[in-house]
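# Structure assessment
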Amino acid sequence: MQQALYHPEHGYYSSGRCVIGRKGDYFTNVSVGPLFGQLLAAQFTEIWERLGRPDHFAIVEQGAHDGQFARDVLESSQKRSPEFFEALRYRIVEPFPILQERQARTLDSFREKIEWCDSLQPFVGVHFSNELLDAMPVRLIGGDVEKLVDLKGDKFVFVDRPGHDDANFNQAALDWIDSVAVNLQRGYVITIDYWRSGGEFHEKIQVRAQHRNLDSPFEEIGHADITMGLCWPSIVERAQANRLHVAGFTDQHHFLTGIISESPDLTPESGAKIKRELQTLLHPEMLGRAFQVLALSKNVDFAAPKLVGFKFAGEPDTALALIDPSR
Ligand SMILES: C[S@@+](CC[C@H](N)C(=O)[O-])C[C@H]1O[C@@H](n2cnc3c(N)ncnc32)[C@H](O)[C@@H]1O
């Protein structure tokens, strides 16, 4: 997964070959249209208010692809919350130069607001990611066996090897949590992704190209996306071990419905286009149930009311217990 997605020359992401949206390999919340960014901008504004309207507030995005989400958020904030926009700095963590160039083109009109870095730096504000963690490399560890990749003739194959008790299948995601926890000085982390339901690990790898699911990660290497659904409970456990507080966990349907309920100006009588976007993002059989939203906080009053996105959500522990893949 590391090589297929991130090899400097041949990787699906690092080479810039990845295309998201109708003409690409798959859809994401961002590619559905600007409404997703507009709704998240409303949530970010509330967070800024929650932190006492600081003069310098960072939105840190990781996995920003071509910068579309950043543009949707900045355009919406400029229009709807000028004071928030004034305080805002948008920081994109982007290790790949080809993607940085694309983001710079998309965000040309917001040049003054944006900065890039190739790893996380200390910040006050909110860290946001959509489908970042599912694109992080995993190890296929199940029971006491690990699946490794071998070469048979000129073909890649999986081979079973004895596993190590202390290895984590999602070490990259856990390392990411450690790094976010160290760099977040005050504020929130909001991460949206999909979870891994039961079954054997290697059956759960998703490989997608041109809106088709491929049978194996060894097909179209470097031209196909490879993802693995998250084990949310392990992410939450690691976050708590890092003294991050779980400020909410729910499905995307409930999260966005909460924001919409407090932002009537974002979904006025609405034309056909907005209706379509809303339906795709919210419908339980489309993206509404497929994706979950985790919010973490640090150095924010624990007793503060729920963020608007979690207004209709139940207790995070109950929601997490329901999706624990080990049950
Ligand atoms: C599935 S895409 C999601 C793109 C976008 N967020 C969206 O929703 O349309 C995953 C993105 O995460 C990026 N990524 C993976 N690991 C990263 C890391 N450590 N730092 C920054 N970006 C990373 C990949 O390059 C890719 O652009």
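Structure report, in brief. (Residues numbered from 1 in each chain as written. Predicted model: local features only at pLDDT ≥ 70, side-chain atom pairs only at ≥ 80, totals over all residues. Heavy atoms only, no water.)

## Some details on the pairing of strand 4 (residues 123-130)
For strand 4, the tally of buried residues reaches seven of eight residues, placing the bulk of the element in the interior. As paired strands, strand 1 (residues 57-62) and strand 4 are joined by four bridges and run parallel to one another. Counterpart to Val60 in the pairing with strand 4 is His127. By the bridge criterion, eight bridges tie strand 4 to strand 8 (residues 184-194) in an arrangement that is parallel. Pairing of Phe128 across the sheet is with Ile190, part of strand 8. (Buried < 20%, exposed > 50% of the residue type's maximum accessible area, 1.4 Å probe, protein only. Helix = DSSP H or I, 4+ residues; strand = E, 2+ residues; numbered from the N terminus. Pairing = 2+ DSSP bridges.)

## Quick notes on the packing of aromatic side chains
For the structure on display, the rule yields 16 aromatic pairs. With 5.8 Å between their ring centres and 20 degrees between their planes, Tyr6 and Tyr13 make a pair best called stacked. Note on accessibility: Tyr6 and Tyr13 belong to one class, buried. Linked through ring pairs, Tyr6, Tyr12, Tyr13 and Phe96 together constitute an aromatic cluster. Sitting over the face of the ring of Phe85, Lys113 holds its NZ or CZ atom 4.6 Å from the ring centroid. (Phe/Tyr/Trp six-rings, centres within 6.5 Å; stacked < 30°, edge-to-face > 60°. Lys NZ or Arg CZ within 6 Å of the ring centre and 35° of its normal.)

## Details of the sheet that holds strand 6 (residues 145-152)
Two modes of strand pairing occur in sheets, parallel and antiparallel, and in both the strands are linked by backbone hydrogen bonds. A sheet is described by the order of its strands in space; here three strands give the open sequence 5-6-7, paired in antiparallel fashion. Each having just a single partner strand, strand 5 (140-142) and strand 7 (155-162) make up the two edges of the open sheet. Across this sheet, the average inter-strand angle for adjacent strands is 35 degrees, counted without regard to direction. When strand 5 meets strand 6, the two strands line up antiparallel, connected through three bridges. Residue pairing in the sheet places Ile141 in a bridge with Glu146 of strand 6. (Axes fitted to C-alpha atoms, helices over the stretch in contact; angles between N-to-C directions.)

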